Amino acid sequence: MAQIQDIPRLVAEFYELARAYLLQETVEPAKKLGHFAGFSLGAAALWAVALILLSVAALRAVYSALPDGPYWEALGYLILVVALGAFMALLVRLMPDRSVRDVQTPPATEET
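Per chain, the residues get numbers from 1 upward, laid out in the order the sequence is written. Local features in this predicted model are restricted to residues of pLDDT 70 or higher, and side-chain atom pairs are both shown and tallied only at a pLDDT of 80 or more, whereas totals for entire chains, interfaces and linings draw on every residue. To obtain the side-chain values, all non-hydrogen atoms of the structure were used and water was disregarded.

## Some remarks on the overall build of the chain
- In this text, helices come from DSSP runs of H or I with a minimum length of four residues, and strands from runs of E with a minimum of two, each type numbered from the N-terminal end. Check the secondary structure of the chain and you find two helices and zero strands.
- By element, 70% of the accessible surface of the chain is carried by carbon and sulfur atoms, the whole surface being about 10600 Å². To measure how exposed things are, a 1.4 Å probe is used in the Shrake-Rupley method; for residues, cover is taken only from the protein chains shown.

## Some remarks on the packing of helix H1 (residues 7–65) against helix H2 (residues 70–94)
- To get an axis, fit a line to the C-alpha atoms, keeping to the stretch in contact for a helix; angles then go from 0 to 180 degrees between the N-to-C directions. Two elements in contact, H1 and H2, have axes whose closest approach is 9 Å; the angle formed by their N-to-C orientations is 140°. With respect to their mutual orientation, H1 and H2 come out oblique. Between H1 and H2 the crossing geometry is right-handed. Contacts between H1 and H2 pair Leu51, Ser55, Ala58, Leu59, Val62 and Tyr63 from the former with Glu73, Gly76, Tyr77, Leu80, Leu84 and Phe87 from the latter.
- Of the residues contributing to the contact of H1 with H2, the split by class is nine nonpolar, two polar and one charged. Convention used here: angles under 35 degrees read as roughly parallel, angles over 145 as roughly antiparallel, angles from 65 to 115 as roughly perpendicular, and any remaining angle as oblique. Crossings are classed by handedness, with left-handed meaning an anticlockwise turn of the near helix from the far one by less than a right angle and right-handed meaning a clockwise turn. The contact definition used throughout considers only heavy atoms, calling two residues in contact when any of these lie within 4.5 Å. Throughout this entry, Asp, Glu, Lys and Arg are counted as charged residues, while Ala, Val, Leu, Ile, Met, Phe, Trp, Tyr, Cys and Pro are counted as nonpolar. The remaining residues, Gly among them, count as polar.

## Some details on a nonpolar patch on the surface
- Among the surface-exposed residues, Leu51, Phe87, Met88, Leu90, Leu91 and Leu94 lie close enough to one another that they form a single nonpolar patch of about 580 Å² accessible area.
- For the nonpolar patch, the leading source of residues is H2, giving five residues.
- Along the polypeptide, Leu94 turns up in helix H2. Here the term patch refers to residues with relative accessible area over 30% and no salt bridge, with like charges joined within 9 Å and nonpolar side chains (Val, Leu, Ile, Met, Phe, Trp, Tyr) within 5 Å. For this document, the term salt bridge refers to a Lys or Arg side-chain nitrogen within 4 Å of an Asp or Glu carboxyl oxygen.

As structure tokens, this is what we get:
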């Protein structure tokens, strides 16, 4: 049993331990998560810019391959929309399955 004179030391020790634990278990993982999220958002932004620029280049290539005229320009847009839709469907199809699977809980045991 702790003596009365030991209480301030024990409170200070508890405070230091709690502070170290909180830093270890909350602040450090939050920093790692922040770095991961930042890099992920940066990569997503770069992919989006690249997709936009490649789409514009593909649209210009389709325009140059088709004859002149407003209907041919509309066909160029349609071709590009279909190609981008197929590309998106391919990306969705190739993505790994990240769904949460049902976890069966073990049967409850009766206490006797």
